Each structure stands twice: as C-alpha cells, then as structure tokens.
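# Observations on the model geometry
Read off the chains here:
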Amino acid sequence: MRTIKERLYDISVWLMLPFLGLLLVICIGGTHHNIVWYKELLVTLVFVVCIMVISSLILRGKNFLEKHEKKLLVVFLLLMGISLYAVSCLCRNIPMYDYSDLYNSAYSYATGGPANWDYLSHWKNNFPLFFCLYGVMKLAVGIGIKDPFYILLLMNVLLTVWAGYCIYRLVRLCTGSVAWSFIGMGLFFGFVPLWCGTNYFYTDSLSLSFGVAAVWILLRKKQGIKDGIIAGLLWGMGYALKATVAISLVAVFIVIWLKEKENRQLLLKLSISVFAFGACLLLWTVIRMQYPCYEMEKENRVPITYWLALGIHNDGSYPQNKDFAVECLGSVGVTAKEQVAKDYIFTHISGLWDWNHFVEKARYNFASGKMGSSEFNQYPVTPMYELINDYGKYGGYSTMFLSAYFYAILLLGWSGFVVAYVKDKGKKQRKPIVTLFYTTQLTLFGFFLFLTIWESNNRQLNNHIPWYAIYGAMGLYYPLQVLKKEESEGESVC
C-alpha cells in the first residue's frame with residue numbers, strides 16, 4: 001500500500017513531465033527567427049549525439065581523472081576563468097536599460113555624487129544590485145582604479161567559476177564519480193550566454209551561483225548547523241538579487257519532505273536554512289531603510305501586480321503591453337498603480353486558459369537559447385555583436401545553434417528523468433542521485449511554471465544555467481550508467 005507522500009511524489013512527477021515535454025515541443029516548433037522546426041530538431045539531435053559521444057569519451061578516461069582530480073579541476077577552472085575574463089573584455093558593450101541606470105547611479109554615488117533614489121524607490125527589487133555595484137565601485141575608486149568595469153568583471157567571473165565548481169561538487173557528492181562531475185561542469189561552461197553576459201554585472205549573471213551553491217552546502221555531510229546557516233544566507237542573498245533563486249529552496253523542501261523524512265540531520269539543516277533565509281531578507285530591509293529611497297517607496301514603488309498584469313495578455317512581454325505599462329507606471333501613488341494593474345488583469349483574465357496565449361508566451365520565454373544575450377550586445381562595437389545580436393550578420397544562425405544546445409540539454413534531462421523515475425519507483429532504499437535529480441527537475445518545473453504567469457523575458461532563463469547543466473548530466477547518467485548496473489551510491493549524503 002503506497003503512502004500519501006509516495007502518491008504525491010507520483011502525482012508531482014506526472015505533472016512535471018508532460019509540462020516540460022510540451023514546452024519542448026512548442027519551442028522547437030516555433031524557435032525565434034522563424035527557424036523551420038525540422039532544421040531546429042535536426043540540430044538538436046546532432047547536439048544530443050555530440051554530448052553523448054563526448055561524455056562517453058570522458059567516462060573512458062575516468063581512471064586518469066580520478067588519479068589527477070585536484071590538479072585537473074584547478075587547471076580547468078583557471079582556464080575557464082582566464083578565458084571568460086578575456087572574452088568578456090573583448091565583448092564589452094555599452095550598458096543598456098536598467099543596468100545603465102544602476103551602473104551610472106552607483107558610480108556617481110561611489111565618487112561622491114548623487115544617486116538616483118527616485119529610480120530605486122520605483123524598482124526596490126534592484127536595490128541589492130545597486131548596493132553591490134556601489135560597494136565594488138567604492139573599493140575600485142579607493143585603490144585608484146579609474147574604470148571599475150575590470151574589477152566588477154573579476155568578481156562576476158569568480159562567481160561564475162564558483163558556480164561551475166559548485167556543480168562539480170554537487171554532482172560528485174551524489175554520484176561519487178569524478179568523470180560525471182566534469183561532464184556536468186563541462187555542460188555548464190558550454191552555455192554561450194555565460195560568455196556573452198558575464199561582462200554585465202547584472203542580476204542574471206550575478207545570481208546564478210547562489211542556488212546551486214546553497215543546495216550543495218545543504219546536502220553535504222559536514223558541519224550540520226553551520227552549513228544550514230550558510231545555505232540559508234546564500235539563498236537569501238540570491239533571492240535579494242533575483243527572486244527566482246529561491247525556487248530551488250522550495251524544491252529542496254518538497255523533495256526532503258517527500259523522500260527524506262527519516263534523515264533528521266538533513267531536516268534540521270533545512271529548518272535552519274529557512275530561518276537564515278528569512279534573517280537575510282530582514283537584513284536587506286534594514287540596510288535599505290538607511291537610504292532615502294526607502295521612504296520614497298511608499299508613494300513610488302511598482303506593485304507585484306504590475307508584472308502579473310504584463311504576463312497575462314498577448315505574449316506577456318513589455319512591447320506588446322506597452323500602453324498598459326506606460327499608464328500603470330505613470331499613475332501617481334502605489335494604490336493607483338495597483339488599481340490599474342488589477343483592472344488590466346481582470347480585463348484579460350481569460351489569458352490564463354487561452355491556448356494561443358500560452359503558446360505565444362512559451363515561445364517568447366523559452367524558444368531561444370540566447371537567454372537575452374542580445375540585450376547585452378546592443379551596439380556593433382565588438383565582434384560579438386554580429387554573432388549574438390538578433391540583427392547581427394549571424395544572429396539567426398546563432399539562435400538556431402544556441403537554442404539547439406539548450407533543447408538538447410532539456411531533452412536529455414527529461415528522458416533521463418523518465419528512466420530514473422521508473423527505476424526508483426517502489427524502492428525503499430534511498431538513492432542520493434535520485435534526490436539530486438528530483439530536486440533539479442522540480443526546480444526547473446517551478447521556474448518554468450513561474451515564467452508562464454510572470455512577465456515574459458527570455459533573459460530570465462540566464463540565472464538557471466547551472467540547473468540546466470545538472471539536469472543534462474543527470475539525464476545522461478541514467479541511460480549510460482544505471483542501465484549498465486554501474487550506479488554509485490555517492491557519499492550517501494543527499
């Protein structure tokens with residue numbers, strides 16, 4: 001007789017798999033630039049084969065990798081860091097959109113001038129980014145660096161490389177395999193948006209390491225209470241920068257509740273993480289209260305309903321809802337803004353169950369593997385413009401190939417999870433890799449579901465790149481390892 005939690009586990013799986021599978025079909029059939037579906041599918045399958053072949057070659061060298069693990073890991077991360085820094089310098093472009101406002105405001109404040117408190121009172125979600133920019137720029141000015149870009153880039157590169165390291169440790173933790181850890185980390189650095197967007201010290205790239213780092217620290221066996229606090233603070237910091245980082249916290253909570261109820265040490269660490277997460281958010285509020293923008297928020301802040309209203313009509317993007325956005329943001333007072341947003345939601349509420357709206361929105365959000373890289377390369381001042389920008393010479397080709405890589409990763413993860421679920425079903429013995437795989441699947445499901453109701457923006461996909469890499473690696477792990485009866489129990493920590 002299956003328990004209630006086991007039934008809930010089954011139900012959750014059969015909600016996630018059709019949803020993610022449907023998104024894949026919709027996006028391949030309507031990739032940006034009107035790329036013909038069979039061409040996109042063909043390139044996707046070619047990437048699937050290439051990834052499988054390269055992974056098989058890496059697995060053949062597993063003994064060499066295990067023998068020289070530490071040296072190879074250090075060398076690989078150093079090479080990635082140096083290359084990422086060099087490419088980012090080459091791709092440096094002019095700050096655009098919100099980043100331009102934040103960058104200029106932080107630099108002005110760091111050099112003794114005024115900050116744009118009016119902007120920060122409207123968009124309070126960007127205050128943590130402003131605070132980070134200001135802190136780093138203040139440091140740069142203090143040590144005599146005239147152009148803060150280079151020290152900002154150094155910090156962003158370090159955070160990106162750290163994300164790769166956390167992927168390595170997390171996969172290593174749950175598979176016990178050095179080879180699979182390198183595969184997961186390699187898939188991560190294979191995402192071109194990392195190489196196009198790291199030169200922007202923006203919330204997308206800045207927040208991508210916190211969720212995966214928090215999960216790794218939470219699941220490892222060492223220092224229970226201390227690790228719980230660190231994980232919670234990481235989630236809190238990540239959430240402050242980009243709210244979607246906290247989806248992985250919700251996913252871990254659900255997985256542990258459904259699958260790990262007997263692991264009291266893990267439950268204790270998770271409880272501590274939740275409290276630390278709340279404490280971090282409270283700390284950010286206290287910090288923000290010390291600045292002029294806090295009092296101005298009472299009249300200026302943009303309500304959450306604004307983003308929900310954008311996401312409910314047409315394809316959910318700003319361009320197709322511009323009239324509403326102008327009216328809402330132009331209203332005086334928070335109450336007036338909320339009323340405009342609520343009226344827009346009630347007028348277009350049918351969009352929640354409209355199939356055409358769902359398809360248009362899914363394609364605007366997910367049908368491009370560029371993940372907003374075009375927004376970071378708006379002007380033809382670098383070689384990257386012609387390759388990445390939608391209007392560049394090779395913009396259409398790059399969309400096809402980068403999207404195919406993204407689809408290939410999702411396809412591998414999706415199919416591998418089916419195998420994992422079938423193999424794990426009915427077993428009482430806990431498999432660490434299943435815990436990681438289910439957490440990843442649930443994180444992506446929650447994230448994608450969130451984007452179907454929020455404002456549409458392909459750039460939102462950027463900060464979940466670590467989870468795509470883990471998803472693809474785990475999707476390969478089962479067909480290539482488990483079916484050959486070579487499954488490792490890992491360190492039995494998850």
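Anyway, here's the lowdown on the structure attached to this text. All residue numbers here refer to positions counted from 1 along the written sequence of the relevant chain. Owing to the predicted nature of the model, reporting of local features is limited to residues with pLDDT of at least 70; listing and counting of side-chain atom pairs is limited to 80 or more, with chain, interface and lining totals taken over all residues. No hydrogens and no water enter the side-chain calculation; it runs on all heavy atoms of the structure.

### Quick look at the pattern of salt bridges
Basic side-chain nitrogens of Lys or Arg form a salt bridge, by our definition, when they fall within 4 Å of a carboxyl oxygen of Asp or Glu. For the coordinates displayed, the defined rule picks out nine salt bridges. Two residues, R92 and D147, come together in a salt bridge whose shortest N-O distance is 2.8 Å. Taken together, the positions of R92 in the loop between helix 4 (69-90) and helix 5 (97-110) and D147 in the loop between helix 7 (127-142) and helix 8 (149-175) put the pair 55 residues apart, joining distant regions of the chain. In this structure, K242 engages D204 in a salt bridge whose closest nitrogen and oxygen atoms are separated by 3.2 Å. Secondary structure follows DSSP: runs of H or I at least 4 residues long count as helices, runs of E at least 2 residues long count as strands, and numbering of each begins at the N terminus.

### A few points about the state of the cysteines
The disulfide definition used here is simple: a pair of cysteine sulfur atoms within 2.5 Å. This structure, assessed with the given rule, holds zero disulfides. Here C50 is not cross-linked by a disulfide; its sulfur's nearest cysteine counterpart is in C196, at 20 Å. Free cysteine: C91, not disulfide-bonded; nearest cysteine sulfur from C196 at 6.1 Å.

### Some remarks on empty space enclosed by the protein
Whether a set of points on the 1 Å grid over the protein atoms alone is a cavity depends on a 1.4 Å probe fitting there but being unable to get out, while an open set qualifies as a pocket with protein on both sides within 12 Å along at least five of seven lines; lining residues are those with an atom within 4 Å of a point. Grid points are joined across faces, edges and corners, and a volume is the space filled by probe spheres set on the points. Taken as a whole and judged by the stated rule, the model has four cavities of 30 Å³ or more. Of all the secondary-structure elements, those providing two or more residues to the lining of the largest cavity are helix 1 (4-28) and helix 22 (395-424). Considering each element in turn, the lining of the largest cavity owes the most residues, four residues, to helix 1. Class assignment for the residues of the lining of the largest cavity results in nine nonpolar, no polar and no charged. As a working rule, the residues Ala, Val, Leu, Ile, Met, Phe, Trp, Tyr, Cys and Pro are called nonpolar, Asp, Glu, Lys and Arg charged, and the rest polar, with Gly in that last group.

### Brief notes about the nonpolar core
We define the nonpolar core as a collection of buried residues of types Ala, Val, Leu, Ile, Met, Phe, Trp, Tyr and Cys that are connected through side-chain atoms lying within 4.5 Å of one another. The buried label goes to any residue with under 20% of its type's maximum accessible area, the exposed label to any with over 50%, and the partly exposed label to all in between, with areas taken from a 1.4 Å probe on protein chains only. Among the nonpolar cores identified, the biggest contains 157 residues, and W235, F448 and Y468 are the most heavily contacted of them. No other element matches helix 8, which puts 15 residues into this core.

### Describing helix 4
For helix 4, spanning 22 residues, the distance from its first C-alpha to its last is 31 Å, which sits close to the expected 32 Å at 1.5 Å a residue. Taken as a whole, helix 4 has its buried residues at E69, L73, L77, M80, G81, L84 and S88. Along the long axis of helix 4, the arc covered by the buried residues comes to 100°, so they all point the same way. Away from its buried face by more than 90 degrees, helix 4 exposes K71, L78, I82 and L90. At its buried positions, helix 4 is contacted by helix 3 (62-67), helix 8, helix 9 (178-189) and helix 10 (192-197). Take the number of residues in a helix, subtract one, and multiply by 1.5 Å to get its expected span. Arc, as used here, means the arc of the directions from the helix axis to the C-beta atoms. Throughout, a residue-residue contact means that at least one pair of heavy atoms, one from each residue, lies within 4.5 Å.

### So, the environment of M185
Relative to the elements of secondary structure, M185 occurs in helix 9. Overall, M185 belongs to the buried group, its relative accessible area being 0%. When near neighbours in sequence (up to four residues on either side) are disregarded, M185 contacts L73, F76, L77, G164, Y165, I167 and Y168.

### What to know about the packing of aromatic side chains
Two rings belonging to Phe, Tyr or Trp (six-membered ring only in the last case) form a pair when the distance between their centres is within 6.5 Å. Interplanar angles under 30 degrees mark stacking, angles over 60 mark edge-to-face geometry, and anything in between is tilted. Scanning the entire structure with this criterion turns up 48 aromatic pairs. On the basis of an interplanar angle of 75° and a centroid distance of 5.8 Å, the ring pair of Y99 and Y202 is categorised as edge-to-face. With a gap of 103 residues between them, Y99 in helix 5 and Y202 in the loop between helix 10 and helix 11 (203-206) connect regions that are remote in the sequence. Across the pair, exposure class does not vary: Y99 and Y202 are buried alike. A centroid spacing of 6.2 Å and a plane angle of 40° characterise the contact between F406 and Y407, whose relative ring orientation is tilted. Note on accessibility: F406 and Y407 belong to one class, buried.

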